[in-house]
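Tertiary structure, described
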Amino acid sequence: MESFLLNMQLLNDAFCDYYKHVTLFSASDPPRLEAVRLYQKDRRLLPSCLYLLYSDELEQMSSCLEGLSFLVSGKISSGQIPAGCSLLVVEDGASIPELFNLAQDTFERYTRWDRELYAAMKSDHPLDAMLEASLKVFHNPIFIHDTNFYILSCPHRAPNMLVWDRDARTGWNIVPLSLIHDFKVDPEYLSTLTTTEAGVYPAEQRGYPILYMNLWNNGRYEGRICVDELETPLLPGQHLLITHLAERILQAMQNNSLFHLNMGNDIEQFFREYLDGSVQDQSIVMKMLQFLNWQRNDHYLCLRLETDRQNIRMLSSAATLGHIETQIPEGHAFMHNNGITVLVNLTYSHTRISDVLSSLAILLREGLLKMGASSEIYDFMQISQGYYQARMALELGKRSGSMNWCCRFDDYLLEYLLNQGGEHLSPELLCSNKLLILKQYDEKNKTELYLTLQVYLELERNVLQTAKALFIHRSTLFYRLERIRKLADIDYEDAKERLVLLLSFQILEQRIV
């Protein structure tokens, strides 16, 4: 395990608590310090050590000091600062032993903290243990949330701190949905979701600054650590502390120590791979169903959500996922193929499809999202086909120009069947040739036999309604129907032929659209 290395800013923060006149001179300040030493002339100096000396000793140095760090007692002028080195200057007349003891105490404090983090990684509740140990270095409430804004750990609360909501389905604490929606439209907050370094979110949103660090696991956003400035002021050196804390948390995740933190992403990854056909072993599927407390023959629903906007920011996705899972009992929502996929166990939650769809109506309208919904699935092993149904329903809904926010596969079943048949055959070869005979006759003779047959069949051969719809007399209709029968050899009493003709009308109309 690599030990925690201090930088000069952390030491500056510590010395400012004891002395009034402390100044840090440092062009760059990487974390590289692991020990404190007394300066001795003509002895080799190491970049990993902090060297203590008086200001007059600094004046006598002539060798290159680039990359070295010094703690100086006494006043110095700007012309005394060697190029490339870091200086922490204390002008309060402190002795070298006093400065040495304080520096040594600082090194030991952060070494103990890092050891406690390492021990916490192996505990039964690593997140709680890590944040509990970190309270003594941040001196403020600290918490961590996942991608869906569930609170994974918050060992200490303070007055005026945000009050969490309680998710009835999971029992977990979660950031209030109203605040999630505020974040969703806040450009400043959205901009923080791509950062890989520690930052401070200003006080305008919550009334106090928040030090934060995103958790990135192999390029995947896992959540965020937050420190609320409620009890003591945030200090610049704490950027390094929260960065190191994030590294330790990610190490625990990669070692499978944080089961509850990464299990959600393991489930999502399983769903992605299963829907894409990468998981073929049925035993793996059954183990995941057992973990979820789902049964293979429960009833399932698959949803597919997409937006016309080209740039879906990470927070918007995270907030939307969190809201979906809050609204739908036993639903798992995850980013997948440039959209959102939702798998719902209808049996486990005793939920009807109509209730699931209506629960997302406001979210979809406000988020400019459109959704495809599968038929009801009666076997989890067919859930990948349900995903395909949801995608096709969404695609067919877009193609038709429908303004509905939800496109159900059951409503587009006919269009899908016709679309599949038309992939290999042109509409003219896929439909009944009898309609083509009528179309050619109409074009040559300026008649309306094609339209007459279409209306007659769509109105289920009702003579009165057909004549009324076409604005013709019944005798005219009978004449046309007899002409159609002779020209195209159509048997109006044959149910199969009527079905083929109706489907053929649909095929030819799709070509026109």
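An account of the accompanying structure is given in this report. (Residues numbered from 1 in each chain as written. Predicted model: local features only at pLDDT ≥ 70, side-chain atom pairs only at ≥ 80, totals over all residues. Heavy atoms only, no water.)

Attention now moves to the pattern of salt bridges. This model, assessed by the stated rule, comprises 13 salt bridges. A salt bridge links R485 to E482, with the shortest nitrogen-to-oxygen separation between them at 2.5 Å. In this pair, R485 and E482 both sit in helix α20 (residues 474-488), three residues apart, roughly one turn of the helix. The partly exposed category is assigned to E482, whose relative accessible area is 32%. Each of the salt bridges in this network shares a partner with another, and the network as a whole consists of R304, E306 and K398. (Salt bridge = Lys/Arg side-chain N within 4 Å of Asp/Glu carboxyl O. Helix = DSSP H or I, 4+ residues; strand = E, 2+ residues; numbered from the N terminus. Buried < 20%, exposed > 50% of the residue type's maximum accessible area, 1.4 Å probe, protein only.)

Let us look at the sheet that holds strand β1 (residues 22-25). Sheet strands associate in pairs through backbone hydrogen bonding, adopting either a parallel or an antiparallel arrangement. Overall, mixed pairing links the five strands, which are arranged β1-β5-β4-β3-β2 in an open sheet. The sheet terminates laterally at β1 and β2 (35-38), the two strands that pair on one side only. Going from strand to strand, the sheet's axes swing by 20° on average, the running direction of each strand aside. (Pairing = 2+ DSSP bridges. Axes fitted to C-alpha atoms, helices over the stretch in contact; angles between N-to-C directions.)

In this section: the packing of aromatic side chains. By the definition in use, this model includes 19 aromatic pairs. Centre to centre, the rings of Y388 and Y416 are 6.1 Å apart; their planes meet at 80°, and the pair counts as edge-to-face. A residue pair is termed long-range when its members are at least 10 positions apart, and Y388 in helix α14 (residues 383-400) and Y416 in helix α15 (residues 413-421) qualify at 28 residues. The class of Y388 is partly exposed, set by a relative accessible area of 31%. Stacked on the ring of Y110, the Lys or Arg R109 has its end atom at 5.1 Å from the ring centre. Sitting over the face of the ring of Y450, K439 holds its NZ or CZ atom 4.5 Å from the ring centroid. (Phe/Tyr/Trp six-rings, centres within 6.5 Å; stacked < 30°, edge-to-face > 60°. Lys NZ or Arg CZ within 6 Å of the ring centre and 35° of its normal.)

So, on to the state of the cysteines. Taken as a whole and assessed by the stated rule, the structure comprises zero disulfides. Here C16 is not cross-linked by a disulfide; its sulfur's nearest cysteine counterpart is in C85, at 18 Å. Accessibility expressed as a relative area gives 39% for C16, which makes it partly exposed. (Disulfide = S-S within 2.5 Å.)

A word on helix α17 (residues 433-445). Every α-helix carries 3.6 residues per turn, so stepping three or four residues along brings you back to the same face. Taking 1.5 Å per residue as the helical rise, α17 with its 13 residues ought to reach 18 Å, and the 19 Å between its terminal C-alpha atoms agrees with that figure. Those residues of α17 that fall on the buried side of the exposure criterion are L435, L436, L438 and D442. With its buried residues spanning 160° around the axis, α17 presents them on a single face. Residues of α17 that are exposed and angled more than 90 degrees away from the buried face: Q440 and K444. Trailing α17 by a residue or two, K446 shows a phi angle of about 60°, which is positive. (Expected span 1.5 Å × (residues − 1). Arc of directions from axis to C-beta.)

Bringing the environment of S400 into the picture now. When you line up the elements, S400 lands in helix α14. Sequence separation between S400 and E415 is 15 residues, and the spatial gap between their C-alpha atoms is 9.6 Å.

A few words now on the packing of α14 against α15. At a minimum axis distance of 10 Å, the contact between α14 and α15 shows a crossing angle of 90°. When the axis of α14 is compared with that of α15, the two are roughly perpendicular. In this structure, α14 contributes Y388, M392, L396 and R399 to the contact, and α15 contributes E415, Y416, N419 and Q420. Per-class residue counts for the contact of α14 with α15 are four nonpolar, two polar and two charged. (Parallel < 35°, antiparallel > 145°, perpendicular 65-115°, else oblique. Contact = heavy atoms within 4.5 Å. Nonpolar A, V, L, I, M, F, W, Y, C, P; charged D, E, K, R; others polar.)

Time to look at the environment of E34. With respect to the helices and strands, the residue E34 is situated in the loop between β1 and β2. Take E34: its relative accessible area is 48%, and that puts it in the partly exposed class. Between the alpha carbons of E34 and E229 there is a distance of 28 Å; along the sequence they are 195 residues apart. Other than its neighbours up to four places away in sequence, E34 contacts L5, S48 and F107.

Glancing now at the pairing of strand β12 (residues 220-228). A large share of β12 lies buried, amounting to eight of its nine residues. Sheet topology note: the strand β11 (residues 210-217)/β12 ladder contains eight bridges and is antiparallel. The residue bridging L211 from the neighbouring strand is V227, located in β12. Here β11 folds back onto β12, and the loop between the two strands holds two residues, one of which, N218, carries a positive phi near 55°.

Note: most peptide bonds trans; most residues except glycine with negative phi. If you check the backbone angles, N160 has positive phi at about 75° while not being a glycine. Secondary-structure assignment places N160 in the loop between β7 (151-153) and β8 (165-166).

Here we take up the nonpolar core. Most often, soluble globular proteins have nonpolar side chains that are buried together. Membership of the largest hydrophobic core comes to 52 residues, with the highest contact counts inside it found for F15, L50 and L245. Those residues in contact with L245 that sit more than four places away from it in its chain are W113, L117, M130, L131, S134, F138, I142 and I225. In terms of nonpolar packing, the next biggest core, distinct from the first, is built from 24 residues, V455, Y456, A467 and L470 among them. (Core = buried A, V, L, I, M, F, W, Y, C linked by side-chain atoms within 4.5 Å.)

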